[in-house]
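Single-letter residue listing:
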Amino acid sequence: MKKLAGVLFALSLALAGCQLGASGGAVPPDSAEISTRSGVTYEIYVASFHDSDGDQVGDLNGIKEKLPYLQKLGVEYLWLMPIHPSHSYHKYDVDDYMKIDPVYGTMDDFRALIRAAKAKGIKIIMDMVINHSSSNHLWFKKALAEAKNGKLDGYASYYNFEEKPIRKSTKIGSNLYYESAFTENMPDLNLDNPKVREELTKIAKFYLNMGVAGFRLDAALHYFGTNNQANIEFLKWYTQMCRSIKPDAYLVAEVWAGKSTVAPYYASGLDSLFNFDLSDGGGEIVKAVNKGDATNLVKYLSQYEPEIRKLNPQALDAIYLSNHDQGRSAGFFPNLEKNKLAEAIYLWLPGRPYIYYGEEVGLKGSGRDENKRTFMPWDKSTKVKNPENTDYDPKKQVTTTVAQAQADKDSLYNYISQLVAVRNEFPFLQYADFKTWKNDNPAVMAYRAVADPKAQLSTDSTGSADSQKTAADNLNAKTSEAVIFHNLGKEPQEISLPKGHRLVKAMNKDDTVKDGKLHLEPLSSAFTVPDADK
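As annotated in an unreviewed UniProt entry, the chain carries the name Alpha-amylase and is attributed to Mobiluncus mulieris. Among the UniProt annotations of the chain, the heading Sequence similarities (unreviewed entry) holds the following wording: "Belongs to the glycosyl hydrolase 13 family." On record in UniProt, under Catalytic activity (unreviewed entry), the comment for the chain is "Endohydrolysis of (1->4)-alpha-D-glucosidic linkages in polysaccharides containing three or more (1->4)-alpha-linked D-glucose units."

Structure follows, in structure tokens:
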């Protein structure tokens, strides 16, 4: 009887398209039972995520309460937007780098979150805002008093005071200005000053020793007034400094520009830089999906990935659809099916994908920044205040809650959970190379993801110890290659499976494999790997 049950189980898998994971078993619908991870990062605006104490403001303990949810979703990293004290709602102007904003909790709460996350295999990345401080920071208050009295060699040297305008500046006297690239409340720090670098080292050491996995570096394009070479040199120093404290520190920077500007920054040794060319409503992914033509997207990826790997063999492209500064991705597409396809494209690419909180339930938002940072709808009883001045039309907002999405097998949430589960089954994917696959159909996006662990273990590597450990694990992995297909068109496609490959996952129930041919439904995706038995 047991033998017959085994035969029937194997037959059921065959009829379902042989959708098997790395170990040969069926791929789970989510990552709850998968021990490996492949770099998926989840961005959180803390105030809107989850409230633990009833004041209708999200907080650190609220995130801790939702760690089981995040673990099941399959994320490896949490990127927390700024959590330091600030006079602004967004907190991108820091009043004190060594404290936690009381509305979010205490330093002990933060330590507890780090410990609890670690216990679930999740690491914390802090948003580190060092292009500027707040004008309410004690450094600047002392600096301003000194500068007004003609003393420019004390705290005033922490900032950029001059007798004439410096790029974008704020005037504070008849002939005195300070650099403020964003607003007068955000005075730019003088990152060349050794004293400032001592302060930055103290801050980084404090949090890295606490257990933070790394930092997201805000506004790195503006460190030296868009002087790219000076920015790169500073980032090289900052990267080396962090890794002298914590060898596996992960560093990702925001350089809001196109690839010709962004790519050279990988020479600094940074692990990742956000890929703005792929993101937003006008990015290459959305354009390809809405047009039904993958030609330009494949061309872009086949050129960019080798370029950044030449500069840093451990480079991890930071790929995403939208973030806290951009319109939410659910608003980019005319229907749910195209939204799902875009998720599949970026979540199965080599590199490190970033999910913005609420993306998994189709949360929408556009216009002013506050509209892109509204509350996470956990269930119908959720009571969290949106940021002040939010004016997004509630009639346009998604009405589906997380609880409802989890219960709906066809929801965007469950689709993303399946995509991440496949990715986590094959952890080599984040370090893989993007290789084009022979294909003359513009409606089909086809590529090979191939791990190259020997290159990743280069002795002159600038990558983190974390990346090198994962590369070493790949040396012993049974599977270090995948061929991935996406059908961007309106018609089903018949695709020859790569020789010796098996189908791991096809995202449409009507996708089938017969006689070595993959039948891929419109707007569906398929993940294949070499069959160990062939």
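Next comes the rest of the account.
Novice: Before we move on, can you summarise the overall build of the chain with the specific residues and values?
Specialist: The helix and strand inventory of the chain stands at 16 helices and 19 strands. Burial status across the chain gives 59% buried among its 534 residues. Summed over all atoms, the accessible surface of the chain reaches about 21,900 Å², with 51% contributed by carbon and sulfur.

Novice: Go over the sheet that holds strand β14 (residues 481-487), please, and point to the residues and values.
Specialist: An order of β12-β13-β14-β19-β16 is seen for the five strands of this open sheet, with the pairing classed as antiparallel. Each having just a single partner strand, β12 (432-436) and β16 (501-506) make up the two edges of the open sheet. Taking the axes of each pair of neighbouring strands and ignoring which way they run, one obtains an average angle of 25° across the sheet. Two strands pair when backbone bridges link them, and β16 and strand β19 (residues 525-530) are joined in this way by five bridges, in the antiparallel orientation. Within the sheet, the bridge partner assigned to A506 lies in β19 and is A526. Strands in contact with helix α12 (residues 336-347) are β13 (444-451), β14 and β19; relative to β14, the strand with the most contacts, it is inclined by about 160°.

Novice: Before we move on, could you go through the packing of aromatic side chains and cite the residues and values that matter?
Specialist: Evaluation of the coordinates by the stated rule reveals 34 aromatic pairs. Taken together, a centroid distance of 4.9 Å and an interplanar angle of 85° make the contact between F206 and Y207 edge-to-face. One residue, R197, lies across the ring of W237, its end atom 4.9 Å from the ring centre.

Novice: So what's going on with helix α14 (residues 412-425)? Residues and values would help.
Specialist: Taking 1.5 Å of rise per residue, 14 residues should cover 20 Å, and α14 covers 20 Å from first to last C-alpha, within 8% of that figure. With respect to burial, α14 is a largely interior element, 14 of its 14 residues being buried.

Novice: A description of the side chain of R328 should follow, citing residues and the corresponding values.
Specialist: One can find R328 in the loop between β10 (318-320) and α12. As a buried residue without a salt bridge, R328 has its nearest oppositely charged side chain in E359, at a separation of 6.3 Å. At 3.4 Å, the side chain of R328 forms a polar contact with the backbone oxygen of K372. Here R328 is in contact with S322, Y356, Y357, G358, E359, L363, K364, G365 and K372, once residues within four sequence places are set aside.

Novice: Before we move on, could you go through the nonpolar core and cite the residues and values that matter?
Specialist: Formed by 152 residues in total, the largest nonpolar core has its most connected members in Y42, L78, L80, F110, F215 and Y238. Counting residues per element, this core draws most heavily on α14, at eight residues. Listed in part, the eleven residues of the second largest apolar core include V444, F485, L503 and A526.

Novice: Explain the sheet that holds strand β2 (residues 77-80) residue by residue, including any values.
Specialist: Each strand in a sheet pairs with another by means of backbone hydrogen bonds, the pair being arranged parallel or else antiparallel. Taken in spatial order, the eight strands line up as β9-β8-β7-β3-β2-β1-β11-β10 in an open sheet, and their pairing is parallel. Every other strand in the sheet has two partners, leaving β9 (272-273) and β10 as the edge strands with one partner each.

Novice: Could you give an account of the side chain of K340, with specific residues and numbers?
Specialist: With respect to the helices and strands, K340 occurs in helix α12. Notably, K340 is buried but unbridged: the nearest opposite-charge side chain belongs to D410, and the N-O separation is 5.5 Å. For K340, the residues in contact, after removing those within four places along its chain, are D410, S411, L412, Y415 and L419.

Novice: Report on the pattern of salt bridges, specifying residues and quantitative values.
Specialist: Pairing between side chains of opposite charge can happen when their charged atoms approach one another. Overall, the coordinates contain 24 salt bridges when judged by the stated rule. Here D30 ties to K72 by a salt bridge, and the two come within 3.9 Å at their closest N and O atoms. Note that D30 is positioned in the loop between α1 (2-15) and β1 (41-44) and K72 in helix α4 (residues 67-73), a separation of 42 residues in sequence. Of the residues examined, D30 reaches a relative accessible area of 16% and is grouped as buried. Linking K287 and E284 is a salt bridge whose minimum nitrogen-to-oxygen distance equals 3.5 Å. Within this pair, K287 and its partner E284 are both found in helix α10 (residues 284-291), separated by three residues, close to a single helical turn. Residue K287 is classed as partly exposed on the basis of its relative accessible area, which comes to 42%. Each of D127, R216, D218 and E254 takes part in a single network of salt bridges with overlapping partners.

Conventions we followed
- Residues numbered from 1 in each chain as written.
- Predicted model: local features only at pLDDT ≥ 70, side-chain atom pairs only at ≥ 80, totals over all residues.
- Heavy atoms only, no water.
- UniProt positions renumbered as here; feature names shortened; annotations may be inferred.
- Helix = DSSP H or I, 4+ residues; strand = E, 2+ residues; numbered from the N terminus.
- Buried < 20%, exposed > 50% of the residue type's maximum accessible area, 1.4 Å probe, protein only.
- Areas by Shrake-Rupley, 256 points an atom, 1.4 Å probe, with all protein chains shown as cover.
- Pairing = 2+ DSSP bridges.
- Axes fitted to C-alpha atoms, helices over the stretch in contact; angles between N-to-C directions.
- Contact = heavy atoms within 4.5 Å.
- Phe/Tyr/Trp six-rings, centres within 6.5 Å; stacked < 30°, edge-to-face > 60°.
- Lys NZ or Arg CZ within 6 Å of the ring centre and 35° of its normal.
- Expected span 1.5 Å × (residues − 1).
- Lys, Arg positive; Asp, Glu negative; His and termini not counted.
- Salt bridge = Lys/Arg side-chain N within 4 Å of Asp/Glu carboxyl O.
- Polar contact = N/O pair within 3.5 Å; in protein donor to acceptor, adjacent residues only side chain to side chain.
- Core = buried A, V, L, I, M, F, W, Y, C linked by side-chain atoms within 4.5 Å.

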